[in-house]
Amino acid sequence: MVAWWKGKYFTGDWFGARDALAARGFTFDGRWRGLYCGVLASENGGRGFFDQEIHFGVRWDLDKLFGVETLKGLSAFGEARWRDPASTDDPNQAVEANPIFNPSPYESGVGWRLLSFGLKYTAPEFFGSKDGLSLTAGWLRPYKDFLVQPLSVNFANAAIQLTKGLGGDIPFSSSFSSWGGILEVRPAKWSYTKAGLFMSYPEATFSENHGLMFQGYAPDTSLNSLYFMGETGVTPEIGPGRLPGKYAFGGYFYGEEAGGGNKYGFYWQADQMLYRESSPARSPEGLSMFSMATVAPPYNNQFPFYAQGGLVYQGMVPGRGRDLTQVAAGIGQYANRPGKTSTTVIEGGYRVQVNGSTWFQPMVQFLVRPNGSSDVANAAILGFYAGVNF
């Protein structure tokens, strides 16, 4: 019972089957996330909304599966999910925020959805660098591999957790899947460069397609185009405490054959652990920050500028070394739209790690000019976020 309570998974080790499968290279990731938004004040008054998601992921190391040493570094993977499709679960019915600032991150691509599948190869050594080269190909999600901020996913608002300003102009979303490939090179342990090329197509994130638009835009495949993302960065460990950080610069080009013109933009990211509690060595307890900014031309982008930043302290309360105290804010500026200036979201919360697999997080959100205009009332939300890994 104690082992289960402290374990990473709510379903345990499946009576030993989980470990046996892992020995053959198979790993399974399952998780449930639920979000209750109690809207205290908004354009349409106050009411409660409950939204949820179930996510499944698998990976199989092919060398262990087939017992062939020459396949070392080659793995197959797949992901799928279910999001509650009930329209009454959407807190934006009350708040009326721009969709990228939705108080819930679970309102795009609802219902069952195939997210990704494919192959990944990581070279054991490349020009003297361990794991210095990786190639990924298949039905992929750029969101999963670019502009990755692990601390931002602790927050509920869609802008901070998911879209990061890009989602207002291109389908940089957890619901966007496409054929593509990613090449990543790590010339040193502390630096990397990666680039991805994908197919772009209209209506990619619509819930009705369930992530199965393998032809792209089937009614007229001539509207399919190309989507490029590139990023380079460093991941140093700073000071005598070896505090980990990540500093990255990236850009994108999104082809649109359906009108509106091709879109491009750039982003900067700076994430850094600022303070580590002294014991034990390399402890994850302490204060960390994350930040990023995006810029894009105003003539065909809704948000020519977006920025966000946050602070997360792990273990602030004595004896609660896995709990998180956190606050973050994001702001998006609109491009030459009459009556629209900017939208700001502020979110704070405290994540209680109930046991090894389960957490519960009271949270609060404030949205200023939710749709960019003072015509829509500011919103205040009090609720909770919860998760179980199974």
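Look up: the structure comes first, before these words.
Attention in this report is confined to the structure presented alongside it.

Conventions and cut-offs
- Residues numbered from 1 in each chain as written.
- Predicted model: local features only at pLDDT ≥ 70, side-chain atom pairs only at ≥ 80, totals over all residues.
- Heavy atoms only, no water.
- Helix = DSSP H or I, 4+ residues; strand = E, 2+ residues; numbered from the N terminus.
- Rg over C-alpha atoms; globule rule 2.2 N^0.38 Å.
- Buried < 20%, exposed > 50% of the residue type's maximum accessible area, 1.4 Å probe, protein only.
- Areas by Shrake-Rupley, 256 points an atom, 1.4 Å probe, with all protein chains shown as cover.
- Pairing = 2+ DSSP bridges.
- Core = buried A, V, L, I, M, F, W, Y, C linked by side-chain atoms within 4.5 Å.
- Contact = heavy atoms within 4.5 Å.
- Patch = residues over 30% accessible without salt bridge, like charges linked within 9 Å, V, L, I, M, F, W, Y side chains within 5 Å.
- Salt bridge = Lys/Arg side-chain N within 4 Å of Asp/Glu carboxyl O.
- 1 Å grid on protein atoms, 1.4 Å probe; cavity = no way out; pocket = protein on both sides within 12 Å on 5 of 7 lines; lining within 4 Å.
- Points joined across faces, edges and corners; volume = space filled by probe spheres on them.
- Nonpolar A, V, L, I, M, F, W, Y, C, P; charged D, E, K, R; others polar.
- Lys, Arg positive; Asp, Glu negative; His and termini not counted.
- Charge placed at Lys NZ, Arg CZ, Asp CG, Glu CD.

Our next topic: the overall build of the protein chain. Per the secondary structure count, the protein chain includes 6 helices and 17 strands. Against the 2.2 N^0.38 benchmark of 21 Å for 390 residues, the protein chain shows a C-alpha radius of gyration of 21 Å, consistent with a compact globule. Principal axes of the C-alpha set define a box for the protein chain whose edges measure 60 × 55 × 45 Å. Looking at the 390 residues of the protein chain, the share that counts as buried comes to 50%. When the accessible surface of the protein chain is split by element, carbon and sulfur atoms take 64% of a total near 17,600 Å².

Consecutive side chains along a regular strand alternate between the two faces of the sheet. In terms of strand pairing, strand β10 (residues 243–254) meets strand β11 (residues 263–276) through 10 bridges, oriented antiparallel. By the bridge assignment for β11, Tyr252 is matched with Gly265. When β11 meets strand β12 (residues 286–295), the two strands line up antiparallel, connected through 10 bridges. Note that in β12 the partner of Tyr275 across the bridge is Leu287.

Time to look at unusual backbone geometry. One non-glycine residue, Leu147, adopts positive backbone phi at about 50 degrees. You can see Leu147 is positioned in the loop between α5 (142–145) and α6 (158–163). A positive phi is found at Lys164, a non-glycine position, where the angle reads about 50 degrees. Take Lys164: it is sitting in the loop between α6 and β6 (178–188). Given a relative accessible area of 2%, Lys164 falls into the buried group.

Of all hydrophobic cores here, the largest spans 52 residues; its most connected members are Phe101, Phe172, Tyr201, Tyr227 and Met229. Setting aside chain neighbours within four positions, we find Met229 in contact with Pro142, Phe146, Leu166, Phe172, Lys194, Ala195, Gly196, Gly251, Tyr252 and Tyr267.

For strand β17 (residues 379–389), the buried fraction is high: 8 of the 11 residues fall into the buried class. With 10 bridges connecting them, strand β16 (residues 358–368) and β17 associate as antiparallel partners. Considered in β17, the bridge of Met363 is made with Gly383.

This brings us to a nonpolar patch on the surface. On the surface, a cluster of nonpolar side chains totalling about 910 Å² of accessible area is made up of Leu197, Leu226, Phe228, Phe249, Phe253, Tyr264, Phe266, Trp268 and Tyr299. For the nonpolar patch, the elements supplying multiple residues, two or more each, are β8 (225–234), β10 and β11. Here the element with the most residues in the nonpolar patch is β11; it accounts for 3 residues. With respect to the helices and strands, the residue Phe266 is situated in strand β11. What makes Phe266 partly exposed here is its relative accessible area of 36%.

Per the stated rule, a full pass over the model turns up 9 salt bridges. One salt bridge connects Arg186 with Glu184, and the closest N-O pair in it is separated by 3.2 Å. Relative accessible area serves as the criterion here: at 16%, Glu184 is assigned to the buried category. A network of salt bridges, in which partner residues are shared, links Glu79, Arg141 and Lys144.

Turning next to empty space enclosed by the protein. This structure, assessed with the given rule, holds 1 cavity of 30 Å³ or more. In this model, the largest cavity occupies a volume close to 40 Å³. Lining of the largest cavity is provided by Gly165, Leu166, Asp169, Tyr252, Phe266, Thr294, Val295, Ala296 and Phe303. Each residue belonging to the lining of the largest cavity can be placed in one class, and the counts come to 6 nonpolar, 2 polar and 1 charged.

Attention now goes to the layout of surface pockets. When its volume is computed, the largest pocket comes out at roughly 960 Å³. Considering the residues around the largest pocket, the lining is formed by 33 residues, among which Asp29, Arg31, Arg33, Tyr143 and Val153 are closest to the centre. Per-class residue counts for the lining of the largest pocket are 11 nonpolar, 9 polar and 13 charged. Empty space within the second largest pocket amounts to approximately 800 Å³. As for the second largest pocket, its lining consists of 38 residues, of which Gly167, Ile170, Pro171, Ser173 and Thr205 are closest to the centre. Looking at which element gives the most residues to the lining of the second largest pocket, the answer is α6, with 3 residues. Residue classes in the lining of the second largest pocket are distributed as 16 nonpolar, 16 polar and 6 charged.

The grouping of Lys64, Lys72, Lys130 and Lys189 at the surface amounts to a positive patch. With a relative accessible area of 67%, Lys130 lands in the exposed category.

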